[in-house]
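# Observations on the three-dimensional arrangement
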Amino acid sequence: MKFLDVLRLALRNLREARLRAGLTTLGVIVGVSMIVTMMSFGLGLQRNAVQRFRDLDLFNEITVSGRDLIGLVSSAMGDNGGGDRREGRGRRGRQSDSNDPARKVPERMLTEAALKEIAGLPGVASVEPNIDLTTYVRANKRALLRQVGGALVPNGATRFKTYLAGRMISSPQADEAVVDESFLRSFGFAKAEDAVGQTLELLAPGSGAAGAERSSDGAEKSANANDEAGAKDGTDAKVESSEKDEASVKDDAGAEDEASGASEAGDDGGLSFFGLPLEEESAGDDPAAGALAARTFRIVGVLKTEVEGGPQGGRQFRGMMPVSSIYIPLPAARAWSDRYRNSISEVAFRLARESGVLKDDETEGYGMAVVRVTDPDVLPDVQKRLNELGFNSFSIVDQLKELRTVFLILNSALGLLGGISLLVASFGIANTMIMSILERTREIGIMKAIGAEDREIKLIFFVEAGLIGLMGGVFGALAAWAIDAVANRLAYRFILQPRGVSYVDFFALPPYLWLGAILFAVAVAILAALYPAARAARIDPVKALRHD
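Criteria and cut-off values
Residues numbered from 1 in each chain as written. Predicted model: local features only at pLDDT ≥ 70, side-chain atom pairs only at ≥ 80, totals over all residues. Heavy atoms only, no water. Helix = DSSP H or I, 4+ residues; strand = E, 2+ residues; numbered from the N terminus. Contact = heavy atoms within 4.5 Å. Areas by Shrake-Rupley, 256 points an atom, 1.4 Å probe, with all protein chains shown as cover. Core = buried A, V, L, I, M, F, W, Y, C linked by side-chain atoms within 4.5 Å. Buried < 20%, exposed > 50% of the residue type's maximum accessible area, 1.4 Å probe, protein only. Polar contact = N/O pair within 3.5 Å; in protein donor to acceptor, adjacent residues only side chain to side chain. Salt bridge = Lys/Arg side-chain N within 4 Å of Asp/Glu carboxyl O. Pairing = 2+ DSSP bridges. Axes fitted to C-alpha atoms, helices over the stretch in contact; angles between N-to-C directions. Arc of directions from axis to C-beta. Parallel < 35°, antiparallel > 145°, perpendicular 65-115°, else oblique. Left-handed = near helix turned anticlockwise from the far one by under 90°. Nonpolar A, V, L, I, M, F, W, Y, C, P; charged D, E, K, R; others polar.

## Section: the overall build of the protein
Within the protein one finds 18 helices and 13 strands. Nonlocal contacts in the protein, meaning residues at least 24 apart in sequence, comprise 79% of its contacts between residues at least 6 apart. In the structure as shown, the protein presents an accessible area of about 29800 Å², 57% of it carried by carbon and sulfur atoms.

## A short note on the nonpolar core
Formed by 46 residues in total, the largest nonpolar core has its most connected members in Ile118, Phe183, Leu200, Ile326, Ile328 and Val371. Leaving out residues up to four positions away in the same chain, Ile118 has contacts with Val64, Leu110, Val124, Val127, Val371, Leu386 and Phe391. The next biggest cluster of nonpolar side chains, apart from the first, holds 39 residues, and it includes Ile437, Ala480, Val524 and Ala529.

## Notes on the side chain of Thr24
Within the secondary structure layout, Thr24 lies in helix 2 (residues 18–55). At 2.4 Å, the side chain of Thr24 forms a polar contact with the side chain of Thr432.

## Side note on the pattern of salt bridges
Counted according to the given criterion, the structure contains 15 salt bridges. Measuring nitrogen to oxygen at the nearest pair gives 2.7 Å for the salt bridge that ties Glu201 to Arg138. Note that Glu201 is positioned in strand 7 (residues 199–205) and Arg138 in strand 3 (residues 132–139), a separation of 63 residues in sequence. One continuous salt-bridge network, built from bridges that share partners, spans Arg12, Glu16 and Glu443.

## Digging into the side chain of Lys448
Residue position: Lys448 is located in helix 14 (residues 441–449). For Lys448, a relative accessible area of 17% translates into the label buried. In contact with Lys448, other than residues within four places in its own chain, are Asp454, Ile457, Ala537, Ile539 and Pro541.

## What about the sheet that holds strand 12 (residues 368–373)?
Taking strand neighbours across the sheet as the criterion, the 4 strands line up as 2-12-1-13 in an open arrangement whose pairing is antiparallel. The sheet terminates laterally at strand 2 (124–129) and strand 13 (392–394), the two strands that pair on one side only. Across the sheet, the axes of successive neighbouring strands diverge by a mean angle of 25°, strand direction being ignored. As paired strands, strand 2 and strand 12 are joined by 5 bridges and run antiparallel to one another. By the bridge assignment, Ser126 is partnered in strand 12 with Arg372. Against the sheet, helix 5 (residues 112–119) makes contact with strand 1 (61–65), strand 2 and strand 12, and its axis sits at roughly 160° relative to strand 2, the strand it touches most.

## Here we look at the environment of Val382
Locating Val382 in the fold gives a position in helix 12 (residues 379–388). A relative accessible area of 2% places Val382 in the buried class. Sequence separation between Val382 and Ser393 is 11 residues; the distance between their C-alpha atoms is 9.8 Å. The contacts of Val382, once residues within four sequence positions are left out, are Ile62, Pro122, Gly123, Val124, Val371 and Val373.

## Section: helix 5
Three or more residues of helix 5 are buried, namely Ala114, Leu115 and Ile118. Buried residues in helix 5, looked at end-on, bunch into an arc of 100°, giving them a common side. Summarising the geometry of helix 5, the exposed residues directed more than 90 degrees from the buried face are Ala113 and Lys116. In the core, the buried residues of helix 5 are packed alongside strand 1, strand 2, strand 12 and helix 12.

## Observations concerning the packing of helix 15 (residues 454–496) against helix 16 (residues 511–528)
With their axes 7 Å apart at the nearest point, helix 15 and helix 16 run at an angle of 150° to one another. Between helix 15 and helix 16, the interaxial angle falls into the category roughly antiparallel. When the axes of helix 15 and helix 16 are compared, the crossing they make is right-handed. Contacts between helix 15 and helix 16 involve Phe462, Ala465, Gly466, Gly469, Leu470, Gly473, Val474 and Ala477 from the first element and Trp514, Ile518, Ala521, Val522, Ala525 and Ile526 from the second. For the contact of helix 15 with helix 16, a count of residues per class yields 11 nonpolar, 3 polar and no charged.

If you want it as structure tokens, here you go:
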């Protein structure tokens, strides 16, 4: 018997029992739609998570950390990691904590030479050291404490791609700055366009403060010299002491008048320090020109801050580099950081010079840098090479394996739950085939009497079961696609849209999923027909011909 004849016979048998075959097929449709829907939901969650990491620039960036200056000084001075190195390290120090026992201490510092060596590795697109400055910024007649970051120019990070107004910094040597939306609110700009073209100033102690400090040091030295002279000549010392007392009374009186005037000025102008307002969100008077040094930058762009969850949402972080409110070119940030160190950094720098850890021709390294690769596929190789060079490295790929394991377990569980429905449908297929045998026993006997072989009888039942599985799989996949579409619209309408979140496709229906579901349904149907087909093949043709 030809296969075409078998197919034609199977279709005829199914048409003769339409109701029974339809109900059996409906069971397969429910089972397949359950499998496809639940697995598509798991795949959708995985796709959204991976896409979110990709959109946040986390699949093509690696955080690299080297030995920090404080750690080197501590090692040189005999502290083998027992001291508290966290004090005064700031955000750069928190990126690579050498006190963490689970983290290997890097062998090298991230110097300029090391950055050039990393930039030359295959697959590396750029290397951006992290420079964060916490300093007073003056703009629009306000002076506020803000976080300023150095930015590589040109910069391939996606955080510098979208602007409310303006553009990116033109060149590494340009005195230009890019700000975010929080800068507009803090400094009283109504619109992004109002800020573009304006200037901002980084403030630090200037020559006036330094001169006052030098005068104080000179006064202390002069007082010590006078004490030594007074020990040699008591009479002269008494006269000088009397004159000094009178001068001191006058100076004290003048100081009280100045303090009173300063107090009155403080009462009129509000709380201030060196002319800077301590109320962060209120406009203050300009600091005294002689007491502060400033470097001016022109605002050329305002970054668009992505907000999730409506007005109550927060800023969305992009990439491995810490977020700052203001970005200036890296050379300018480096120069400002070297010139105006904090006290702990300055002590560590001088101790490194004195101990020989840092030679005179060497510069202080960076605490952390972000390495951007040309393609996410080369990221593991680049990271391995960085570790071989003696640096610590971290990328989201380190956690991606765990994430994939979690989603594998989730998808397996969802597929198992959906498979239970198809298992129930397989019992229906077996029942349909057995009922077909009872109804067609005489027909089977006639076929065997005229020469039909057992394998041909089995093939008829296998084809019938396969057709039920095929139709159930196709319509089940279509039903799953409809369920996914309706569920997405309902989720957006009643869950996402009221919270101001953009449309999200919770389900992923790749071709391999619905094709695999159809083939799986056919396979389950054929397996369910094994016993009925074997039973039909064992029918004795003599007894079958006597069957009513």
